[in-house]
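# Reading the structure
Okay, here's what each chain looks like letter by letter:
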Amino acid sequence: MIRVLVAEDQSAVRAGLVLILRSAPDIDVIGEASDGEEAVALARELRPDLVLMDIQMPRLDGVSATRQVVAEGLADVLVLTTFDLDEYVFGALRAGACGFLLKNTEAKDLLEAVRTVGRGEGLIAPAVTRRLIAEFAAPKTMTSVRRENGPDPAVLDTLTRREREVLACLGEGLSNAEIAGRLDMAEATVKTHVSRLLGKLELRSRVQAAVLAQELGV
């Protein structure tokens, strides 16, 4: 059972999300928040497995709320928003979100996203992934500034050759099963490599690892 806290300021949207989530036998909605501050407070009180977090909320926005929830180790965060603008994507992922979905996502895809993050695998909506990759591929955009002020490539020195290969696959958005197929190893071995490289790089999620791989051009 995946215990979920829903944080969304629009009551009608929140009710719809709760209705969809409660239709699944393996998902339990344990709380609802109408703003970022309430989301953080309820996460501290209820300790959900996952917070479904809206980006734009009063009192405390979703990115700031995500940062607090992740920093305190309260829950994983799946960001849900109507916006696919790059600043929201980067802000949410750097704050430690494990996934990013658009609100026009189909109900079945929302449920699968919750299950995916609940299994410990990060997820970014395909449309957002394409923009993310395009952003990193752009030669003279804010990406250049991000890279100049970005992570030190020396952080990769702690990784083994195999861990670097797995990191590169994460940067492409591959699942554990896809990585296993590409690198000809057991899926359980992939999970071990992912866990070890996250620990070495001091990252909370595979999505953060994917962003780092893109930033460093792994």
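To be clear, the structure that these remarks concern was listed above.
Notes on the structure follow.

## Considerations on helix α3 (residues 62-71)
Those residues of α3 lying buried are Gly 62, Val 63, Ala 65, Thr 66, Val 69 and Val 70. Take α3 and look down its axis: the buried residues cluster within an arc of 160°, on one side only. You can read the cap of α3 off the contacts: a side-chain oxygen lies 2.9 Å from the backbone nitrogen of Val 63, and it is on Asp 61. Downstream of α3 by a residue or two, Gly 73 has a phi angle that is positive, lying close to 65°.

## Let's talk about the environment of Leu 174
Assignment of secondary structure puts Leu 174 in the loop between α8 (161-171) and α9 (176-183). Relative accessible area serves as the criterion here: at 16%, Leu 174 is assigned to the buried category. Note: C-alpha distance between Leu 174 and Ala 210 (36 residues apart in sequence) is 9.4 Å. In this structure Leu 174 touches Cys 169, Ile 179, Arg 182 and Arg 206, once residues within four positions along its chain are discounted.

## Here's the deal with unusual backbone geometry
Positive phi, normally seen in glycine, also occurs at Arg 59, with a value near 65°. Here Arg 59 lies in the loop between β3 (50-54) and α3.

## Concerning α8
Along α8, the positions that sit buried rather than exposed are Glu 163, Val 166, Leu 167, Ala 168, Cys 169, Leu 170 and Gly 171. Against the buried residues of α8 lie α9, α10 (187-201) and α11 (206-216). Gly 173 sits one or two positions beyond α8 and adopts a positive phi of about 80°.

## Things to note about the packing of helix α2 (residues 36-46) against α3
α3 packs onto α2 with a crossing angle of 15° between their chain directions and a minimal axis gap of 9 Å. The angle between α2 and α3 falls in the class roughly parallel. Judged by the sense of rotation from one axis to the other, the crossing of α2 with α3 is right-handed. For the pair formed by α2 and α3, the contact residues are Gly 36, Val 40, Ala 43 and Arg 44 on the first element and Ala 65, Gln 68 and Val 69 on the second. Each residue belonging to the contact of α2 with α3 can be placed in one class, and the counts come to four nonpolar, two polar and one charged.

## Looking at the pairing of strand β4 (residues 76-81)
With respect to burial, β4 is a largely interior element, six of its six residues being buried. Alternating residues of β4 divide into Asp 76, Leu 78 and Leu 80 and Val 77, Val 79 and Thr 81, and every residue in both groups is buried. Where β3 meets β4, five bridges bridge the pair, whose relative direction is parallel. Along β4, the bridge assignment pairs Leu 52 with Leu 78. With respect to chirality, the unit in which β3 leads through α3 into the neighbouring parallel β4 is right-handed. Note: β4 against strand β5 (residues 99-102), four bridges, orientation parallel. Its bridge partner being in β5, Leu 78 is matched across the sheet by Gly 99.

Rules behind the numbers
- Residues numbered from 1 in each chain as written.
- Predicted model: local features only at pLDDT ≥ 70, side-chain atom pairs only at ≥ 80, totals over all residues.
- Heavy atoms only, no water.
- Buried < 20%, exposed > 50% of the residue type's maximum accessible area, 1.4 Å probe, protein only.
- Helix = DSSP H or I, 4+ residues; strand = E, 2+ residues; numbered from the N terminus.
- Arc of directions from axis to C-beta.
- Polar contact = N/O pair within 3.5 Å; in protein donor to acceptor, adjacent residues only side chain to side chain.
- Contact = heavy atoms within 4.5 Å.
- Axes fitted to C-alpha atoms, helices over the stretch in contact; angles between N-to-C directions.
- Parallel < 35°, antiparallel > 145°, perpendicular 65-115°, else oblique.
- Left-handed = near helix turned anticlockwise from the far one by under 90°.
- Nonpolar A, V, L, I, M, F, W, Y, C, P; charged D, E, K, R; others polar.
- Pairing = 2+ DSSP bridges.
- Right-handed = clockwise from strand over helix to strand, strands pointing away.

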